[in-house]
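Chain by chain, the residues:
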Amino acid sequence: MEFNSKGLITADEIQRCIQEIRGRKVILDVDLAKFYGIAPKVLNQAVKRNAQKFPPDFVFQLKNQEVILLRSQSVTANVSPKSRSLPYAMQKAERKFLN
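Note that this is a predicted model, so its numbers are computed, not measured. (Residues numbered from 1 in each chain as written. Predicted model: local features only at pLDDT ≥ 70, side-chain atom pairs only at ≥ 80, totals over all residues. Heavy atoms only, no water.)

1. Details of the nonpolar core
Right, on to step 1. Within the largest apolar cluster, 11 residues are counted, these being Cys17, Ile27, Leu32, Ala33, Phe35, Leu43, Val47, Phe54, Phe58, Tyr88 and Met90.
Right, on to step 2. Of all the secondary structure elements, the ones that give two or more residues to this core are helix H2 (29-36), helix H3 (40-49) and strand S4 (88-91).
Right, on to step 3. Here this core takes 3 residues from H2, the largest share from any one element.
Right, on to step 4. Core analysis: the next-biggest nonpolar cluster, separate from the first, contains 8 residues, Ile21, Val26, Phe60 and Leu70 among them. (Core = buried A, V, L, I, M, F, W, Y, C linked by side-chain atoms within 4.5 Å. Buried < 20%, exposed > 50% of the residue type's maximum accessible area, 1.4 Å probe, protein only. Helix = DSSP H or I, 4+ residues; strand = E, 2+ residues; numbered from the N terminus.)

Below, the structure written as structure tokens:
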């Protein structure tokens, strides 16, 4: 992960993690969890527990075909073939995470 002189994640690093899926710009749970220094499972549990704080279409789980396509088309996609569950994609809602 790329950090600036203040120890913050750079804008370029964030940009590299943005994917377009279903016509939406999203960040995969695994990438967003890295930014927060937590496991993707912990992030997904927190989002589910606080679902009322997010727009209804904020998060969606990828379909198997989408994961296969993402792996084949993107060098930067951080989707492990060893994962037992399909990843979640989260749309831009940074204010909700910061509150």
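Resuming the write-up.
2. Looking at the confidence of the model for the chain
Right, on to step 1. Looking at the chain, pLDDT values average 80 and 77% of them are 70 or higher.
Right, on to step 2. Ranking the elements of the chain by mean pLDDT puts helix H5 (residues 94-98) last with 47 and strand S2 (residues 24-28) first with 91. (pLDDT = per-residue confidence, 0-100.)

3. What about the packing of H2 against H3?
Right, on to step 1. Their axes nearest at 8 Å, the elements H2 and H3 cross at an angle of 95°. When the axes of H2 and H3 are compared, the pair comes out roughly perpendicular. Across from Asp29, Val30, Leu32 and Ala33 in H2, the residues of H3 making contact are Pro40, Leu43 and Asn44.
Right, on to step 2. A breakdown of the residues in the contact of H2 with H3 according to their chemical character gives 5 nonpolar, 1 polar and 1 charged. (Axes fitted to C-alpha atoms, helices over the stretch in contact; angles between N-to-C directions. Parallel < 35°, antiparallel > 145°, perpendicular 65-115°, else oblique. Contact = heavy atoms within 4.5 Å. Nonpolar A, V, L, I, M, F, W, Y, C, P; charged D, E, K, R; others polar.)

4. Regarding the pairing of S4
Right, on to step 1. The alternating pattern of S4 places Tyr88 and Met90 on one face and Ala89 and Gln91 on the opposite face, and all of these are buried.
Right, on to step 2. In this sheet, S4 lies alongside S2 in antiparallel orientation, the contact comprising 3 bridges. In the sheet register, Ile27 faces S4, and the bridge partner there is Met90.
Right, on to step 3. Alignment of strand S3 (residues 59-61) against S4, held across 3 bridges, turns out to be antiparallel. Along S4, the bridge assignment pairs Gln61 with Tyr88. (Pairing = 2+ DSSP bridges.)

5. Examining the pattern of salt bridges
Right, on to step 1. In total, this model carries 2 salt bridges according to the counting rule given.
Right, on to step 2. Between Arg16 and Glu13 there is a salt bridge whose closest N-O contact spans 3.0 Å. Of the two residues, Arg16 and Glu13 are both situated in helix H1 (residues 11-17); the distance of 3 residues between them amounts to about one turn of the helix.
Right, on to step 3. With relative accessibility at 37%, the residue Arg16 sits in the partly exposed group.
Right, on to step 4. Residue Glu13 is classed as buried on the basis of its relative accessible area of 13%.
Right, on to step 5. For the salt bridge of Glu66 with Arg22, the shortest nitrogen-to-oxygen distance reads 2.7 Å. Of this pair, Glu66 sits in helix H4 (residues 64-73) while Arg22 sits in the loop between strand S1 (18-21) and S2, and the two are 44 residues apart along the sequence. (Salt bridge = Lys/Arg side-chain N within 4 Å of Asp/Glu carboxyl O.)

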